[in-house]
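The chain contents come next:
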Amino acid sequence: MEVEEAKKLGLKLMEESKAAILTTISPEGFPITRAMFNLRNKEQFPEFSEVFKNEQNQFTIYISTNTASSKIAHLSKNPNISVYFCDLDDFKGFMLGGSVETITDMELKKKIWLDWWTRYYPKGLEDLDYTLLRMEPTNARFYYKLNQVIFEL
């Protein structure tokens, strides 16, 4: 499989995967993995399609989380993460890696906000416990049928 085909299939997985599997590194140096909302999933979050369509980097990932979460504590020590998207039925996967940044731009935070998230952030969009993260991936791996394509972005 060529890199361009792996990129195309990877983008498709990003748009269809039910969850984004996020891995951070704990202060003790251990990987910690958890399932997150896949904000790129077009079926679950159609409201965000335009945001991703207008990104300069077609592989950009946004993650919403609680400021008080262990993720934020991990990222304060080591901003490197990986995010994995998969099709469990077909054993197809796409992993992106890079450094994450915290978004402070309120206009962007408004674009990536849904009112029902008040169950997680009771004070709404301006809740101090609402953090939006962005990763511009620098490397990728596409897995399918015991093969992998590794490439830089």
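In what follows, the structure referred to is the one given above.
Note that this is a predicted model, so its numbers are computed, not measured. (Residues numbered from 1 in each chain as written. Predicted model: local features only at pLDDT ≥ 70, side-chain atom pairs only at ≥ 80, totals over all residues. Heavy atoms only, no water.)

A. Summary view of the nonpolar core. In terms of nonpolar packing, the biggest core is built from 25 residues, with Val83, Phe94 and Leu96 touching the most fellow members. Here this core gets 4 residues from one element, more than from any other, and that element is helix 1 (residues 3–16). In this structure phenylalanine 94 touches Gly10, Leu11, Leu13, Met14, Phe59, Val83, Tyr84, Phe85, Ala140, Arg141, Phe142 and Phe151, once residues within four positions along its chain are discounted. Core analysis: the second largest hydrophobic core is formed by 16 residues, Phe48, Tyr62, Ile112 and Tyr130 among them. (Core = buried A, V, L, I, M, F, W, Y, C linked by side-chain atoms within 4.5 Å. Buried < 20%, exposed > 50% of the residue type's maximum accessible area, 1.4 Å probe, protein only. Helix = DSSP H or I, 4+ residues; strand = E, 2+ residues; numbered from the N terminus. Contact = heavy atoms within 4.5 Å.)

B. Expanded view of the packing of aromatic side chains. Inspection of every chain in the model, using the stated rule, returns 18 aromatic pairs. For the ring pair phenylalanine 37 and tryptophan 116, a centre distance of 5.6 Å and an interplane angle of 80 degrees mean the geometry is edge-to-face. Pair noted here: phenylalanine 37 is in strand 2 (residues 31–37) and tryptophan 116 is in the loop between helix 4 (106–111) and strand 6 (130–135), with a separation of 79 residues, a long-range link. Look at tryptophan 116 and you get partly exposed, because its relative accessible area is 35%. Seen in terms of ring centroids, tryptophan 116 and tryptophan 117 are 6.2 Å apart; in terms of plane orientation they differ by 80 degrees. Their pairing is edge-to-face. Each member of the aromatic cluster is reached from another via a ring pair, and the members are Phe37, Phe45, Phe48, Trp113, Trp116, Trp117, Tyr120, Tyr121 and Tyr130. Here the basic side chain of lysine 92 rests over the ring of tyrosine 144, its NZ or CZ set 4.7 Å away from the ring centre. (Phe/Tyr/Trp six-rings, centres within 6.5 Å; stacked < 30°, edge-to-face > 60°. Lys NZ or Arg CZ within 6 Å of the ring centre and 35° of its normal.)

C. Region of interest: the environment of asparagine 38. Considering the arrangement of structural elements, one finds asparagine 38 in the loop between strand 2 and helix 2 (49–53). Residue classification places asparagine 38 among the buried positions, given a relative accessible area of 2%. For the pair formed by asparagine 38 and glutamate 16, sequence separation is 22 residues and the distance between their alpha carbons is 8.7 Å. In this structure, asparagine 38 is in contact with Met14, Ser17, Lys18, Ala19, Ala20, Gln44, Phe45 and Phe85, ignoring residues within four places of it in sequence. There is a polar contact of 2.9 Å between the side chain of asparagine 38 and the backbone oxygen of methionine 14. (Polar contact = N/O pair within 3.5 Å; in protein donor to acceptor, adjacent residues only side chain to side chain.)

D. Structural view of the pairing of strand 6. Where burial is concerned, most of strand 6 is hidden: 6 out of the 6 residues are buried. Relative to strand 6, strand 3 (residues 61–66) runs antiparallel, the two being bridged by 6 bridges. Looking across to strand 6, one finds that serine 64 is bridged to leucine 132. As paired strands, strand 5 (residues 92–103) and strand 6 are joined by 4 bridges and run antiparallel to one another. By the bridge assignment for strand 6, threonine 102 is matched with leucine 133. (Pairing = 2+ DSSP bridges.)

E. The arrangement of the pattern of salt bridges in detail. Applying the stated criterion to the full structure yields 8 salt bridges. Between glutamate 4 and lysine 7 there is a salt bridge, with the nearest N and O atoms lying 3.7 Å from each other. Here lysine 7 and glutamate 4 lie together in helix 1, a separation of 3 residues that amounts to about one turn. Judged by relative accessible area, glutamate 4 falls into the exposed class, the value being 56%. Across the salt bridge formed by glutamate 136 and arginine 134, the nearest N and O atoms sit 3.8 Å from each other. Overlapping salt bridges, with partners in common, bring together Glu101, Arg134 and Glu136 in one network. (Salt bridge = Lys/Arg side-chain N within 4 Å of Asp/Glu carboxyl O.)

F. Examining helix 3 (residues 70–77) more closely. Where helix 3 is concerned, the buried positions are Lys71, Ile72, His74 and Leu75. Around the axis of helix 3, the buried residues are gathered within 160 degrees of arc, so they sit on the same side. For helix 3, exposure combined with an orientation more than 90 degrees from the buried face picks out Ser76 and Lys77. Those residues of helix 3 that are buried lie in contact with strand 1 (19–25), strand 2, strand 3, strand 4 (80–87), strand 5 and strand 6. (Arc of directions from axis to C-beta.)

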